[in-house]
Structures are given as structure tokens and as C-alpha cells.
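# A look at the structure
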Amino acid sequence: MMNSILKYFPNITAEQQDRFAALYELYKDWNSKINVISRKDIDNLYEHHVLHSLAIAKAIRFRPGTKVLDFGTGGGFPGIPLAIMFPETEFKLIDGTGKKILVASEVSKAIGLENCKAEHLRGENEKGKYDFIVSRAVMPLPDLIKIVRKNVAAKGINSMANGIFCLKGGDLTHETQPFKNIVETTEISTWFEEEWFKEKHLIYVPL
Ligand SMILES: C[S@@+](CC[C@H](N)C(=O)[O-])C[C@H]1O[C@@H](n2cnc3c(N)ncnc32)[C@H](O)[C@@H]1O
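Every value quoted in this text rests on a predicted model; they were computed, and no experiment measured them.

Before going further, it helps to spend a moment on the overall build of the protein chain. Secondary structure assignment for the protein chain yields eight helices and seven strands. Compactness check: the protein chain gives a C-alpha radius of gyration of 16 Å against a globular reference of 17 Å for 207 residues, within 12% of the reference. Projecting the C-alpha coordinates of the protein chain onto the three principal axes gives extents of approximately 40 × 35 × 30 Å. Going through the 207 residues of the protein chain one by one, you find that 41% of them count as buried. Intrachain contacts of the protein chain at a sequence separation of at least 6 include 68% that bridge at least 24 residues.

Take a look at the structure:
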């Protein structure tokens, strides 16, 4: 199952491979106690959750020292796979549901991620400044932008301007309409050929 990661990211280190590989047992175990991904989907963990999260790593290679906030991370997506992929980038994972963020925090600790902290916090109460906000399946884009705009640092250190990366499926015309001049939408099937990625998009909004 790990093969789907290696297929698209063949140059990851042994440590990264070990961390990705450890996710299956950890999520299987935690998910049986606290539902963070649909139970019937656990055997698709690598394709549907880990690789999906890593679509962001195809759009940008975060420079060392970049700060990223995962807003509404649930059990750690996309934050945990990204924190494994970019060990020199600082990740903060937040979620308004305490038991879900517990899973993110425990998984992160179990694989020894030092660049990732998880906190039980609503986005409305997050005070920090970040280069990028990442988020999957949390809320419609206009609502998300309203909440996290305050958290985007003015000055960036990456090739792309600071802003939001958001993973979404389905028809986005309505959601992106108010920002149509700035939003960049990429079909994930540009990077990953598996059928499941059809109709799934990565949205980038520079702010
Ligand atoms: C459908 S889940 C997705 C979780 C994860 N991003 C994933 O893709 O597996 C949506 C999550 O967003 C969180 N959430 C919704 N509104 C939030 C807010 N205002 N602040 C923090 N978390 C929020 C919920 O608690 C929930 O865990």
C-alpha cells in the first residue's frame, strides 16, 4: 500500500518511508476507537488520505522555515503526511473537536514528528501567523477565507505567495466564484493517475 507513495515520491528518505509505513497500524488502531476516517475506507488510507494530502507537495516544495497551519485537521489530514514530507517546515494542526485532535497528536508523537504540534482550537481563536493555511474538507471556501485571512503572514519566503491550499472534490464553480480572479484550481489527476482522484481539486488562493 505504501507503493502508491513511492510511486509518486520515489526520493523520500528511509526515515520518511518508515514514518509513512507506520501510519497504517496507528490509524487502524486509533480509528477503531475514535472515528477520524470512514471505517470502510481504512484500507485505502494511503491512496485516499495520505496521497491525497500529498497533492499539496506536488504544487509546492515548502522552503525550510516555512510555517503552515492545518485548519480542521481532524485526525491529521493533510497535516501529518505533509509534516513527514517536509521535516524542516513547521506545522500546527488545529481542530475544534477534542477527540479528533487527540488522534492527530498521538499519531504525530508515535512517529516522532518534531515539526508538528496539534492543538484543540477553533480556527476563529487561532492567533498565529503562517505562510500557508492548508485544509481538506472543512468548509466552503468563502467561509474558510473569512476565518483564516487574519492568520496569513504578510511576508513570504516561498516561490508562491502566502495563502491557502485547499483540497476539495466536486463542482467548485459556486464556491470559487467570489475569488475567481485570484483562485488557481488544479485537477489532482494532473499528478496522480488513480481513478479516485478524478473530480478532485487543489485550490490555491494567494492572500
Ligand atoms: C470532515 S472533517 C475533515 C478532517 C480532515 N481535514 C480530513 O480531511 O480528514 C472536518 C473537520 O473540521 C473541523 N472544523 C470545522 N469547523 C472548524 C472550526 N471553525 N475550527 C476548527 N475546526 C473546525 C471539524 O471538527 C472536523 O474535524
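Next up on the list: the sheet that holds strand β7 (residues 200-206). Spatial ordering of the open sheet is given by β3-β2-β1-β4-β5-β7-β6, a layout of seven strands whose pairing is mixed. Both edges of this open sheet fall to β3 (116-120) and β6 (184-187), since each of them pairs with a single strand only. Each neighbouring strand pair of the sheet contributes to a mean axis angle of 20°, computed without reference to strand direction. Across five bridges, strand β4 (residues 132-136) lies against strand β5 (residues 163-169) in parallel orientation. By the bridge assignment for β5, valine 134 is matched with phenylalanine 165. Taken strand by strand, helix α6 (residues 98-110) contacts β2 (90-95) and β3, and its axis lies near 165° from that of β3. Along the sheet, helix α7 (residues 141-148) makes contact with β1 (67-71), β4, β5 and β7, crossing β5 at roughly 155°.

Turning our attention to the pairing of β2. Of all six residues making up β2, five are buried, and the element is well covered by its neighbours. Summarising the sheet, β1 and β2 pair through five bridges and their orientation is parallel. From the neighbouring strand, phenylalanine 71 faces β2, where its bridge partner is isoleucine 94. Bridge analysis of β2 against β3 gives five bridges, and the strand direction is parallel. Bridging from a neighbouring strand, leucine 93 pairs with alanine 118 of β3. For the crossover from β2 across α6 to β3, the handedness is right-handed.

As a matter of local geometry, the ligand sits amid 16 residues, with Gly72, Gly74, Gly96, Thr97 and Arg136 nearest to it. Partitioned by chemical class, the residues of the shell around the ligand number five nonpolar, six polar and five charged.

Time to look at the UniProt feature "binding site: S-adenosyl-L-methionine" (unreviewed entry) in the protein chain. Under the UniProt annotation, the feature "binding site: S-adenosyl-L-methionine" (unreviewed entry) is placed at Gly72, Phe77, Asp95, Gly96, Thr97, Gly123, Glu124 and Arg136. For aspartate 95, the position within the fold is in strand β2. Among residues more than four places away in sequence, those in contact with aspartate 95 are Gly72, Thr73, Gly74, Lys100, Ile101 and His120. According to the C-beta neighbour criterion, threonine 97 is partly exposed, with 16 such atoms within 10 Å.

Let's shift gears to unusual backbone geometry. Residue proline 78 is reached from phenylalanine 77 by a cis peptide bond, and omega for that bond is 5°. With respect to the helices and strands, the residue proline 78 is situated in the loop between β1 and α5 (79-85). Phi is positive for alanine 137, close to 55°, though the residue is something other than glycine. Tracing the backbone through its elements, the reader meets alanine 137 in the loop between β4 and α7. In this structure, glutamate 199 is a non-glycine residue whose phi angle is positive, near 70°.

The subject of this paragraph is the pairing of β7. In terms of strand pairing, β5 meets β7 through seven bridges, oriented antiparallel. Within the sheet, the bridge partner assigned to glycine 169 lies in β7 and is lysine 200. The pairing of β6 with β7 spans four bridges and is classified as antiparallel. Along β7, the bridge assignment pairs glutamate 184 with tyrosine 204.

Cut-off values and rules
In every chain, residue numbers begin from 1 and rise along the written sequence. Local features are withheld for residues below a pLDDT of 70 in this predicted model, meaning they are given only at 70 or higher, and side-chain atom pairs are given and counted only at 80 or more; totals for whole chains, interfaces and linings count all residues. Put simply, DSSP marks the helices as runs of H or I at least four residues long and the strands as runs of E at least two long, and each gets a number from the N terminus on. The atom set for the radius of gyration is the C-alpha atoms, and the globule formula is 2.2 Å times the number of residues raised to the power 0.38. Labels follow a simple rule on C-beta atoms placed from the backbone: if 20 or more others lie within 10 Å of a residue's own, it is buried; if 12 or fewer, it is exposed; otherwise it is partly exposed. C-beta atoms are first placed from the backbone for all residues, and any pair lying within 7 Å is then listed as a contact. Any two strands with at least two DSSP bridges between them are considered paired. Whenever a helix is involved, its axis is fitted only over the stretch in contact; in every case the axis is a line through C-alpha atoms, and angles between N-to-C directions fall within 0 to 180 degrees. For the handedness criterion, the strands are oriented away from the viewer, and a crossover whose path from the first strand over the helix to the second runs clockwise is classed as right-handed. Using the backbone to place each C-beta atom, any residue with that atom within 6 Å of a molecule or strand is considered near it. Residue type decides the class: Asp, Glu, Lys and Arg count as charged, Ala, Val, Leu, Ile, Met, Phe, Trp, Tyr, Cys and Pro as nonpolar, and the leftover types, Gly among them, as polar. UniProt positions are given in the numbering used here, feature names are shortened, and annotations may be inferred rather than shown by experiment.

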